[in-house]
Amino acid sequence: LILIGYLASSTQAGVYGLATMIVTGMLMFPTVFYQRYFLLKLHRWSNHDRNMFIQVFKRGIYISTFLGLIAFLMVLFLADKFIPIIFGVEYLVSVNFLELLSITILIGYLTTTLGATITVANEVRTKAKIMCLIAITNVMLNIYLIPIYGAVGAAYATIISSFLLLLMFSWASGLFLKRLHASYN
């Protein structure tokens with residue numbers, strides 16, 4: 001938001017900020033769920049019941065995909081109806097940004113599940129390195145895209161960064177699951 005305000009305009013930053021606030025709110029559900037209910041269990045299962053760890057991981061992918069798809073479609077198709085009711089018609093312009101960013105909800109639900117897998121054992125270092133790399137990538141994309149496309153450029157940077165995070169978490173969790181499976185056999 002700071003970069004949008006600095007490189008584009010404060011009006012665009014405000015409108016974009018509402019869209020990111022809603023997306024962030026939607027992404028809190030899987031994050032809180034994994035942090036509150038599964039974090040300690042994942043650690044225990046990864047060390048003592050690897051079959052359960054793998055089963056929960058696989059189910060988590062399916063459930064996250066399903067719930068993320070529902071949340072994504074709800075925001076995509078209902079944004080133009082609930083924004084004016086909740087925030088007023090003056091924020092109707094933020095619907096475009098919210099619809100654009102809505103794909104990051106689906107991506108985020110999956111990323112949370114994959115990210116939870118790499119919070120166990122020494123995998124948290126890998127997760128931190130990936131997140132650092134993606135944060136730097138996001139800033140660089142924003143610096144490049146915002147002067148050209150304004151807040152839409154920031155949305156593109158967010159989508160690209162979210163997708164890269166999903167890919168890298170998928171890669172890292174896949175490697176971890178292979179090591180876990182190899183050490184189990």
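No experiment lies behind these values; they were computed from the predicted model shown.

1. Digging into the pattern of salt bridges
So, point 1. The full count for this structure, using the stated rule, is 2 salt bridges.
So, point 2. With a closest N to O distance of 2.5 Å, Glu 123 and Arg 179 form a salt bridge. Here the residue Glu 123 occupies a position in helix H6 (residues 123–149), and Arg 179 occupies one in helix H7 (residues 151–184), the gap between them amounting to 56 residues.

2. Things to note about the confidence of the model for the chain
So, point 1. The pLDDT averaged across the chain works out to 89; a share of 98% of its residues lies at or above 70.
So, point 2. Ranking the elements of the chain by mean pLDDT puts helix H1 (residues 2–7) last, at 74, and H6 first, at 95.

3. Points about the side chain of Thr 117
So, point 1. The residue Thr 117 is located in helix H5 (residues 103–117) in this model.
So, point 2. Within polar-contact distance, the side chain of Thr 117 engages the backbone oxygen of Thr 113 at 3.2 Å.
So, point 3. Apart from residues no more than four positions distant in its own chain, Thr 117 is found in contact with Phe 53, Phe 57, Ser 173, Phe 176 and Leu 177.

4. Some details on H5
Because an α-helix completes one turn every 3.6 residues, residues spaced three or four positions apart along the sequence face the same direction.
So, point 1. Its 15 residues give H5 an end-to-end C-alpha distance of 22 Å, which sits within 8% of 21 Å, the value for a rise of 1.5 Å per residue.
So, point 2. In terms of residue burial, H5 counts as a mostly covered element, since 14 of its 15 residues are buried.

Conventions adopted
Residues numbered from 1 in each chain as written. Predicted model: local features only at pLDDT ≥ 70, side-chain atom pairs only at ≥ 80, totals over all residues. Heavy atoms only, no water. Salt bridge = Lys/Arg side-chain N within 4 Å of Asp/Glu carboxyl O. Helix = DSSP H or I, 4+ residues; strand = E, 2+ residues; numbered from the N terminus. pLDDT = per-residue confidence, 0-100. Polar contact = N/O pair within 3.5 Å; in protein donor to acceptor, adjacent residues only side chain to side chain. Contact = heavy atoms within 4.5 Å. Expected span 1.5 Å × (residues − 1). Buried < 20%, exposed > 50% of the residue type's maximum accessible area, 1.4 Å probe, protein only.

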